[in-house]
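Listed below, chain by chain, are the residues.
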Amino acid sequence: MIPVLNGERHLKALLAALHREQPDEVLVIDSGSSDRSLEIARAAGVEVLEIAASDFGHGRTRNLGAEHTSGDLICFLTQDAVPVDGWLDAYRKAFTFGDHVGAAYGPHLPRGDTSPMIARELTEFFAAFAPDGRPVEHGADGPVFLSNVNACYSRVCWRGIRFPDVAYAEDQGFARAMLAAGWTKVYHPDAAVEHAHDFGSVEFMRRYFDEYRGLRETLGHVEPINVRGLAGTTRRQVSSDRRWMEAQGWSGPRRARWSARSAVHHSSRQVFAALGSRADRLPGAVQRAISLERRGNPPKRRAPVWEEVRRVSREGEAPLLDAVPGQAERERLHVAVVIPPFGRGSGGHTSIAQLVLGLERIGHTCSIWVYDPEDRHAREPGSVLRRRIVDEFAPVEAPVFKGFGDWYGADIAVATGWETAYPTVLLPDCRARAYLVHDHEPEFFATSAQSLWAEQTYSLDLYPISASTWLRDLLRSRYGREGHWFRFGVDHSLYHPRSVRRQPRTVLFYARTATPRRAVPLGLLALDELWRRRPDMRIVMFGTDDEIRASFPYEPVGLVSPAELAHRYCEATVGLCLSLTNYSLIPQEMMACGLPCVDLAGASPEAVFGQDGPIELAQPDPLAIADAVEALLEDRERWRRRSEAGLAFVANATWERAAGQVEEGLRAALRARPGSRSAREPAAAAPPAAPPR
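Just so it is clear, the model here is predicted, and its values are computed rather than measured.

Asker: Looking at this model, I keep getting lost on empty space enclosed by the protein. Mind explaining?
Answerer: It is a probe the size of a water molecule, rolled over the atoms, that shows where empty space is left. Scanning the entire structure with this criterion turns up four cavities of 30 Å³ or more. Put simply, the largest cavity is a space of about 60 Å³. Lining the largest cavity are Val 335, Val 337, Ile 352, Leu 355, Val 356, Leu 359, Val 414, Leu 436, Val 662 and Leu 666. Residue assignment for the lining of the largest cavity shows that the elements contributing at least two residues are strand E12 (334–339), helix H13 (347–362) and helix H24 (655–671). Broken down by element, the residue count for the lining of the largest cavity peaks at four residues, all from H13.

Asker: I would appreciate a short explanation of the sheet that holds strand E10 (residues 184–187) in the present structure.
Answerer: Consider a sheet: its strands pair through backbone hydrogen bonds, and that pairing is either parallel or antiparallel. The sheet built from five strands is open, its strands ordered E4-E9-E6-E10-E8 with mixed pairing. Looking along the sheet, the strands with just one partner apiece sit at the ends: strand E4 (73–77) and strand E8 (136–138). Going across the sheet, the axis of each strand differs from the next one's by a mean of 20 degrees, ignoring polarity. Pairing analysis gives three bridges linking strand E6 (residues 101–105) to strand E9 (residues 150–154), with the strands arranged antiparallel. Looking at E9, one finds that Ala 104 is bridged to Cys 152.

Asker: Which parts of the structure should I look at to understand the packing of helix H5 (residues 116–127) against helix H10 (residues 252–277)?
Answerer: Axes are the key here: two packed helices are described by the angle between their axes and the distance separating the axes. As a packed pair, H5 and H10 sit with axes 9 Å apart at the nearest point and diverge in direction by 60 degrees. Contacts from Pro 116, Met 117, Ile 118, Arg 120 and Glu 121 in H5 reach Trp 258, Arg 261, Ser 262, His 265, His 266 and Arg 269 in H10. Of the residues in the contact of H5 with H10, the class split is four nonpolar, three polar and four charged.

Asker: Looking at this structure, I do not really get the packing of aromatic side chains. What am I missing?
Answerer: In this description, a pair of aromatic rings is defined by centroid distance and the angle of the planes. Overall, the coordinates contain 40 aromatic pairs when judged by the stated rule. Between Phe 129 and Phe 145, the aromatic rings sit 5.7 Å apart at their centres with planes inclined by 25 degrees, giving stacked as the arrangement. Residue Phe 129 is located in the loop between H5 and E8, and its partner Phe 145 is located in the loop between E8 and E9; the two are separated by 16 residues in the primary sequence. For the residue pair Phe 129 and Phe 145, the accessibility class agrees, reading buried in each case. Each member of the aromatic cluster is reached from another via a ring pair, and the members are Tyr 105, Phe 125, Phe 126, Phe 129, Phe 145 and Tyr 187. Above the face of the Trp 250 ring, Arg 254 is positioned so that its terminal group lies 3.6 Å from the ring centre. Arg 487 extends its terminal NZ or CZ atom over the ring of Phe 649, reaching a point 4.4 Å from the ring centre.

So, how was this worked out
- Residues numbered from 1 in each chain as written.
- Predicted model: local features only at pLDDT ≥ 70, side-chain atom pairs only at ≥ 80, totals over all residues.
- Heavy atoms only, no water.
- 1 Å grid on protein atoms, 1.4 Å probe; cavity = no way out; pocket = protein on both sides within 12 Å on 5 of 7 lines; lining within 4 Å.
- Points joined across faces, edges and corners; volume = space filled by probe spheres on them.
- Helix = DSSP H or I, 4+ residues; strand = E, 2+ residues; numbered from the N terminus.
- Pairing = 2+ DSSP bridges.
- Axes fitted to C-alpha atoms, helices over the stretch in contact; angles between N-to-C directions.
- Contact = heavy atoms within 4.5 Å.
- Nonpolar A, V, L, I, M, F, W, Y, C, P; charged D, E, K, R; others polar.
- Phe/Tyr/Trp six-rings, centres within 6.5 Å; stacked < 30°, edge-to-face > 60°.
- Buried < 20%, exposed > 50% of the residue type's maximum accessible area, 1.4 Å probe, protein only.
- Lys NZ or Arg CZ within 6 Å of the ring centre and 35° of its normal.

Next comes the structure, spelled out in C-alpha cells:
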C-alpha cells in the first residue's frame, strides 16, 4: 500500500520494483495529485483509490489501505521508497520468527546523490539494529523505532492495534502500542529500500520542526536543548561527516564544500528539533511559517472550562445512584479517576498514577478519564496517552479514555484537580464522588474567576482526600469540609542511597519554572547570593527543559528519568526545593537518597516535616535560604544529622501505604451516603472483570 501525492519522480521505479518482487496486491491511494502520478499508477496495472486531500491522514489513510486489501501481511511504502532485490522475501522470512511477530522493517539505503550528512546517518542508524548483519527480533525492552517508509505488518496485529489518527509518527505510536500488547517486531537487513530525504538547508530545518513536533504530539518526546553544548555537538557531527567523506574517497575541495553545509545542517537540526518539541508554545502563524507542511495549531475553544461551570450552575450536580447496603465494604470497587491534561515531569500526575497502581494492587478496578477541553492532547489517542502514563508515571493496568463519550459508570468517581471537579460532579451512574486534593489551588491564581471557581470546588459534593494533614486541616478550618488525608509515597526501588561518590559543594535545585508555587525566582536569588560567597560551588538545576536566565554559572539537566534523578540525588551535597503551598514529592525522594534538603519555613513544609526535623527550613528570604544551604555545605555534623533524619522520616513512606490511606477515604465517601438498595440497575456496584479498553 502506497499513499501518493505528486509522487511521479520515483513512483515509476517503485512500481517496477514491486512488479519484480511480485506481491499479491498493490494499492495506491492518491490524495489529489496534480502531476502524472495517477497516470503512472494506472499504466502499471495496480489498484488505485482516490481520496480528497482533506481526508488524508498518516494513520487513517493507512488504515483505509489495510481495509481495502486482504493479504495476511500488509506492506507499507512511501512514494519515494524503492525496494531492492529480495525485499519481499526478506519480509516473508521475518515473520517466520513466530506468530508473536506483529511487524517487520528494513533499512533505508542512501541514493548516489544523497548528501554525506544523510548518507552517513542512515548507514550508521540502521547498522546499529543488526551489528552482525543478521535479522533480529525486538520485544518491549528493545528499540521502539518503526517507520512506514518501509514496513510490513501482520494483519492480525494491525486489526488489534490499528494506526492512531495523528498528524505525524503514526508508526511510532503503533510500535509502542503493539510492544505493550506483547507483540514483537523484526528488523531484517535485506528488506531494504532506496530512500533518503535530501532537502536544501532551509527545507531540512522546516522538516525537522515538523518531525519533532509530531514526536511530541504522538509520543510525548521533548528534545532537550543545551545552548552551551550545541557547538560541541555540531563539531562532533561535522568531524564524523568528514571521516565518512574521506572513506568514500572524496577530494579535499569537495569535502570542504560539504563540511560547511554539514555545520549548518547539524546546528540547525538541533535548534529546529527543539523548537518542534515546543511548538505548542508558538503562535499558530509562527508554526505555519516554520512548518514544511504549513500546519499551525488546531483551533481551540475559548475558555472551555466555562461550559462545565455553567452546567453545574444551571443543572446542578448529577444525581447519584441510590446507596446499596454494605457498598463501602465491598472487597472490589470500580474507581474512575478523572485527570487533567499532563506533561512530562508532572508531580501531580506521578502521584495520581502511583495511587491508581496501588489501588489496583489492593484489588480494585480502576479507569482513567482525561478531561482535555483545550485539546492539548488532540493528536494523541487514548492508547498513546495510556502508554505515556505507563512510561512517564507508573505501570498502571487501567484503561485510559479521552473525554466521557464512553463513560460507563463507577462505584466512585474521583476528581484530581479543580478543573476536573466540575465535569466529575456532572457524571451519571456513580454511587459516590471523591476529590484528591493535591494542593490549595485557589492560590495558583491572582484574584480572578479561576481563583473563585477553584475555591468553589470545595463546596461541591466531593468527599475530600487531601495530600497532607496541613491541607486536610486547611479545608476543615476554612471551608468546613471534613475528610481524609494521605501522605505522598516514595518508590524505594528507585530512590535509595547508592554507591555513588558525593560531589563536593554541589547544590541540586528543583527549578520547575512552569509551576510558580515552586518559587524559582526566589531560589535563583538565593543561589546568586550563595555563589557570590562561594564561587567554587557547583549548581545543578532540573525540572525544566527550558533555558533559565541566571546570574551565575549552572549545569542544566532538564526533565530527566527517575533513574537519572535518583543518581543526581545521590551525588549532590544539598538539595533545594521550595514550596509556597502544599509540599512537593521532591524533598521525600531526596531524603530517601540520603540528600539533605532546604525548604521554606511555615505552612505545609513545617507542618509536615516539623520545625527541627529532616528538612533544613529557611524563611522566604534570599539571604536566609542562602544561609541554610551554606550551613549544610559547611557543617558536616549538621549535614549528617539531617541526612539520617531524612532517611528515617521516609523509611515507611511508600505508595502502597498511600494507596491504603486513599482507599480508606474512598470507603468513607461511600459510607457518607446512607440508604437502601436501589431499584435501578446496579451495574456500577459490580463492575466487569475487565472494563472496556
